[in-house]
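Architecture at a glance
Each chain, written out:
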Amino acid sequence: MAPRDCIVVINAGSSSIKFSLYDGAALDLAMRGKIENLYAGVTRFVAQDAAGAVIDEHRWPDGPIDHATGMRFLIDFAQSHLDGRRVVAVGHRIVHGGVDYSGPQLLTEAVLARLDQLVPLAPLHLPHNLAPVRSMLAMAPQVPQVGCFDTAFHTSQPAAAQAFALPPRITDLGIRRYGFHGLSYEYISSRLPQSDPQLAGARVVAAHLGNGASMCAMLAGRSVASTMGFTAVDGLPMGTRCGALDPGVVLYLIDELGMDVAAVQKLLYQESGLLGVSGLSSDMRTLEQSGDPRAKAAIALMVYRIGRELGSLAAALGGLDALVFSGGIGENSKALRAAVCRDAAWLGVRLDTAANDSRADGIRRISTPDSSVAVWIVPANEELMIARHTLDILEH
Ligand code: ADP
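The protein appears in an unreviewed UniProt entry as Acetate kinase from Duganella phyllosphaerae. Per UniProt, the comment on the protein under Sequence similarities (unreviewed entry) is "Belongs to the acetokinase family."

1. Section: the UniProt feature "binding site: substrate" (unreviewed entry) in the protein
UniProt's feature table lists "binding site: substrate" (unreviewed entry) at Arg-93, given in the numbering used throughout. Tracing the sequence through the fold places Arg-93 in strand E6 (residues 86–94). Filtering out sequence-adjacent residues up to four positions away, Arg-93 remains in contact with Ile-10, Asn-11, Asn-129, Cys-148, Asp-150, His-181, Leu-183, Glu-382 and Ile-386.

2. With respect to the pairing of strand E2 (residues 17–23)
Of all 7 residues in E2, 6 are buried, a share of seventy percent or more. Pairing geometry for strand E1 (residues 5–12) and E2, over 7 bridges, is antiparallel. Looking across to E2, one finds that Ile-10 is bridged to Phe-19. Judged from the 7 bridges that link them, E2 and strand E3 (residues 28–36) form a sheet pairing that is antiparallel.

3. Observations concerning helix H15 (residues 382–395)
A rise of 1.5 Å per residue sets the reference length of H15, with its 14 residues, at 20 Å; its end C-alpha atoms lie 20 Å apart and thus fit the reference within 8%. The complete set of buried residues in H15 reads Glu-382, Glu-383, Leu-384, Met-385, Ile-386, Ala-387, His-389, Thr-390 and Leu-391. Those residues of H15 hidden inside the fold are in contact with E1, E2, E6, strand E8 (145–149), helix H6 (182–195) and strand E9 (203–209).

The rules behind these values
- Residues numbered from 1 in each chain as written.
- Predicted model: local features only at pLDDT ≥ 70, side-chain atom pairs only at ≥ 80, totals over all residues.
- Heavy atoms only, no water.
- UniProt positions renumbered as here; feature names shortened; annotations may be inferred.
- Helix = DSSP H or I, 4+ residues; strand = E, 2+ residues; numbered from the N terminus.
- Contact = heavy atoms within 4.5 Å.
- Buried < 20%, exposed > 50% of the residue type's maximum accessible area, 1.4 Å probe, protein only.
- Pairing = 2+ DSSP bridges.
- Expected span 1.5 Å × (residues − 1).

Given below as structure tokens:
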């Protein structure tokens, strides 16, 4: 990497596209931006420099735009703000790598064709991850593109953690637990020992709590169990997803209530979780500010389920040395962290209330010195993890 070389990272979700630009071999963040509200509401774009100052903003008042229009806008924006830099590679977040991809991968037409076959495993996310790769291949085929998979970090899990108790004729089709948010957990596992070297070989449970939410048990930095399974709807209740559900409920919805597959999918992915229980909002900030008992019930259910999963993941690890909060809710909601830590007192968790309440930014410990479980906040940084993987692939 020459000093003016840069890596672009693209994280295309179902309703947003985020991009980041990293300079040189040190991968210094130069700028980041996102387009939100694709398809619904007022689509808006904002770009910030490394210090968080807004460089540019844009809105589409005539109606929401789609991914393709959003990508074209982002490419034009990036090209006019490169300032003499040369884009040497583009790294993409790809939600699913199936059983084939246990690490980052140079994206060729052949790899894309294999990933197309995984779309039924992540129908709401994977097509949006792959579309920008194809746009870039068409527009700039000479620029290498690297796919970084949210499932890859979990391929280290023992067989029992990946298995469903189903017959081989089903499991042989790839119907097993994969786990997601792997890039976030991989970043946490790389970042935590830099702040406390004693945690390098530790038993850690990390909770990535954003609009999507999951938890992961890590032993010496490797995933041993996770709450998300075959799809990203399993595990914790999320903004609009229900999390773990007795499969008998799905059969009942279809058989007794006459719902078709599309209606069940909409219910489980878009109408449940915090939104479904509260009937008000999927947004934790709105629920925390509301006096409505349904908002309180939704938050209490999320706290309860995090506590149950924490016990289960601690069992998978044979004990617990550290608990990590990450993601928009994990990083910002002191009330949720306090409630989770209160319920985890039986594991030896002791929260330092002043540290928990502090408005400090960045990675920090929020447990008391005598807490037998160290509690940390680690701001999510999947983009940096993608940039590192992309650089590795370029250099090897
Ligand atoms: P995504 O999974 O889409 O990347 P984020 O990680 O940004 O989402 O998390 C979004 C969630 O974080 C929302 O529920 C939002 O309400 C919550 N959140 C953001 N800031 C705060 C805050 N200050 N207090 C409580 N919750 C917050």
